[in-house]
Amino acid sequence: MSVDSFDETLQSKYAESGNERQEELKDLDRAMQLLNDDHREILYLARYEKLSYEEIGKVLGCTANNVKIKVYRALEQLRIQFHKLSERIPS
(Lines give C-alpha, C1' and ligand atoms only; values in the text may rest on other atoms or scores of the structure.)
Protein backbone atom coordinates (compact mmCIF):
# COMPACT_ATOMS: atom_id res chain seq x y z
CA MET A 1 0.00 0.00 0.00
CA SER A 2 1.44 3.35 -0.97
CA VAL A 3 1.64 6.29 1.41
CA ASP A 4 -0.95 8.18 -0.63
CA SER A 5 -3.42 5.33 -0.54
CA PHE A 6 -2.80 4.85 3.19
CA ASP A 7 -3.52 8.56 3.77
CA GLU A 8 -6.72 8.32 1.73
CA THR A 9 -7.82 5.30 3.76
CA LEU A 10 -7.17 7.14 7.03
CA GLN A 11 -8.98 10.25 5.84
CA SER A 12 -11.93 8.13 4.76
CA LYS A 13 -12.07 6.41 8.17
CA TYR A 14 -11.88 9.76 9.97
CA ALA A 15 -14.64 11.16 7.78
CA GLU A 16 -16.81 8.11 8.48
CA SER A 17 -16.24 8.34 12.22
CA GLY A 18 -16.96 12.07 12.06
CA ASN A 19 -20.25 11.37 10.26
CA GLU A 20 -21.12 8.70 12.81
CA ARG A 21 -20.31 11.11 15.62
CA GLN A 22 -22.50 13.78 14.01
CA GLU A 23 -25.37 11.29 13.78
CA GLU A 24 -24.91 10.33 17.43
CA LEU A 25 -24.98 14.00 18.45
CA LYS A 26 -28.16 14.53 16.43
CA ASP A 27 -29.73 11.48 18.08
CA LEU A 28 -28.69 12.77 21.49
CA ASP A 29 -30.27 16.14 20.77
CA ARG A 30 -33.48 14.45 19.57
CA ALA A 31 -33.50 12.23 22.66
CA MET A 32 -33.19 15.31 24.90
CA GLN A 33 -36.18 16.86 23.13
CA LEU A 34 -38.24 13.74 23.83
CA LEU A 35 -37.69 13.97 27.59
CA ASN A 36 -40.32 15.54 29.77
CA ASP A 37 -39.66 19.11 30.91
CA ASP A 38 -38.50 18.13 34.41
CA HIS A 39 -35.91 15.66 33.11
CA ARG A 40 -34.67 18.05 30.45
CA GLU A 41 -34.37 20.90 32.99
CA ILE A 42 -32.41 18.88 35.53
CA LEU A 43 -29.99 17.55 32.91
CA TYR A 44 -29.54 21.05 31.51
CA LEU A 45 -28.70 22.43 34.95
CA ALA A 46 -26.40 19.55 35.88
CA ARG A 47 -24.58 18.92 32.60
CA TYR A 48 -24.72 22.16 30.61
CA GLU A 49 -24.78 24.80 33.34
CA LYS A 50 -22.55 22.54 35.49
CA LEU A 51 -24.33 23.51 38.69
CA SER A 52 -23.65 21.45 41.79
CA TYR A 53 -26.43 19.27 43.18
CA GLU A 54 -26.71 21.70 46.09
CA GLU A 55 -27.15 24.65 43.70
CA ILE A 56 -29.73 22.76 41.65
CA GLY A 57 -31.54 21.90 44.87
CA LYS A 58 -31.79 25.58 45.73
CA VAL A 59 -33.16 26.37 42.26
CA LEU A 60 -35.71 23.54 42.36
CA GLY A 61 -36.50 23.71 46.08
CA CYS A 62 -35.31 20.22 46.99
CA THR A 63 -32.36 18.52 48.67
CA ALA A 64 -29.08 17.61 46.98
CA ASN A 65 -29.91 13.93 47.51
CA ASN A 66 -33.22 14.40 45.74
CA VAL A 67 -31.39 16.10 42.86
CA LYS A 68 -29.05 13.08 42.56
CA ILE A 69 -32.05 10.79 42.24
CA LYS A 70 -33.69 13.07 39.66
CA VAL A 71 -30.48 13.27 37.60
CA TYR A 72 -30.13 9.50 37.68
CA ARG A 73 -33.72 9.00 36.52
CA ALA A 74 -33.37 11.63 33.81
CA LEU A 75 -30.18 9.99 32.52
CA GLU A 76 -31.95 6.63 32.43
CA GLN A 77 -34.75 8.10 30.33
CA LEU A 78 -32.21 9.81 28.08
CA ARG A 79 -30.42 6.49 27.54
CA ILE A 80 -33.69 4.78 26.65
CA GLN A 81 -34.68 7.49 24.17
CA PHE A 82 -31.18 7.61 22.66
CA HIS A 83 -31.10 3.84 22.11
CA LYS A 84 -34.54 3.90 20.53
CA LEU A 85 -33.35 6.57 18.08
CA SER A 86 -29.96 5.02 17.34
CA GLU A 87 -31.45 1.57 16.68
CA ARG A 88 -33.67 2.85 13.91
CA ILE A 89 -33.12 1.54 10.44
CA PRO A 90 -31.43 4.16 8.26
CA SER A 91 -33.54 5.34 5.35
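Residues numbered from 1 in each chain as written. Predicted model: local features only at pLDDT ≥ 70, side-chain atom pairs only at ≥ 80, totals over all residues. Heavy atoms only, no water.

### A look at the overall build of the protein chain
The number of helices and strands found in the protein chain is 4 helices and 0 strands. Across the protein chain, helices and strands are ordered from the amino to the carboxyl terminus as α-α-α-α. The long-range fraction of contacts in the protein chain, counting pairs at least 24 apart against all pairs at least 6 apart in sequence, stands at 60%. Of the roughly 7100 Å² of accessible surface on the protein chain, a fraction of 52% belongs to carbon and sulfur atoms. (Helix = DSSP H or I, 4+ residues; strand = E, 2+ residues; numbered from the N terminus. Contact = heavy atoms within 4.5 Å. Areas by Shrake-Rupley, 256 points an atom, 1.4 Å probe, with all protein chains shown as cover.)

### Focus: the packing of helix α2 (residues 37-48) against helix α4 (residues 64-86)
Orientation of α2 relative to α4, taken along the N-to-C sense of each, is 110°, at an axis distance of 9 Å. Judged by the inter-axis angle, α2 sits roughly perpendicular to α4. Taking contact as the criterion, the partners of H39, I42, L43, A46 and R47 in α2 are, on α4, V67, K70, V71, R73, A74, L75, Q77 and L78. Of the residues in the contact of α2 with α4, the class split is 8 nonpolar, 2 polar and 3 charged. (Axes fitted to C-alpha atoms, helices over the stretch in contact; angles between N-to-C directions. Parallel < 35°, antiparallel > 145°, perpendicular 65-115°, else oblique. Nonpolar A, V, L, I, M, F, W, Y, C, P; charged D, E, K, R; others polar.)

### Examining the nonpolar core
In terms of nonpolar packing, the biggest core is built from 13 residues, with I42, L43, I56, V71 and L78 touching the most fellow members. Broken down by secondary-structure element, the contributors of at least two residues to this core are α1 (3-34), α2 and α4. For L78, the residues in contact, after removing those within four places along its chain, are L28, A31, M32, L35 and L43. (Core = buried A, V, L, I, M, F, W, Y, C linked by side-chain atoms within 4.5 Å. Buried < 20%, exposed > 50% of the residue type's maximum accessible area, 1.4 Å probe, protein only.)

### Re the pattern of salt bridges
Inspection of every chain in the model, using the stated rule, returns 4 salt bridges. Two residues, D37 and R40, come together in a salt bridge whose shortest N-O distance is 2.8 Å. Of the two residues, D37 and R40 are both situated in helix α2; the distance of 3 residues between them amounts to about one turn of the helix. Salt-bridge contacts for E76 lead to R79; the nearest nitrogen and oxygen are separated by 2.3 Å. In this pair, E76 and R79 are both assigned in helix α4, 3 residues apart and thus about one turn of the helix distant. With a relative accessible area of 28%, E76 lands in the partly exposed category. (Salt bridge = Lys/Arg side-chain N within 4 Å of Asp/Glu carboxyl O.)

### Examining the environment of K26
With respect to the helices and strands, the residue K26 is situated in helix α1. A relative accessible area of 42% means that K26 is categorised as partly exposed.

### Side note on the side chain of Q81
Along the chain, Q81 turns up in helix α4. Apart from the residues within four sequence positions on either side, Q81 is in contact with A31, L34 and L35.

### What about the confidence of the model for the protein chain?
Confidence in the prediction for the protein chain averages 83 pLDDT; 76% of positions are at 70 or higher. Within the protein chain, the element-level pLDDT minimum falls on α1, averaging 70, and the maximum on helix α3 (residues 53-60), averaging 97. Ignoring residues within four places in sequence, the model shows residues 1-7, a span with pLDDT below 50, making 2 contacts including any to other chains. (pLDDT = per-residue confidence, 0-100.)

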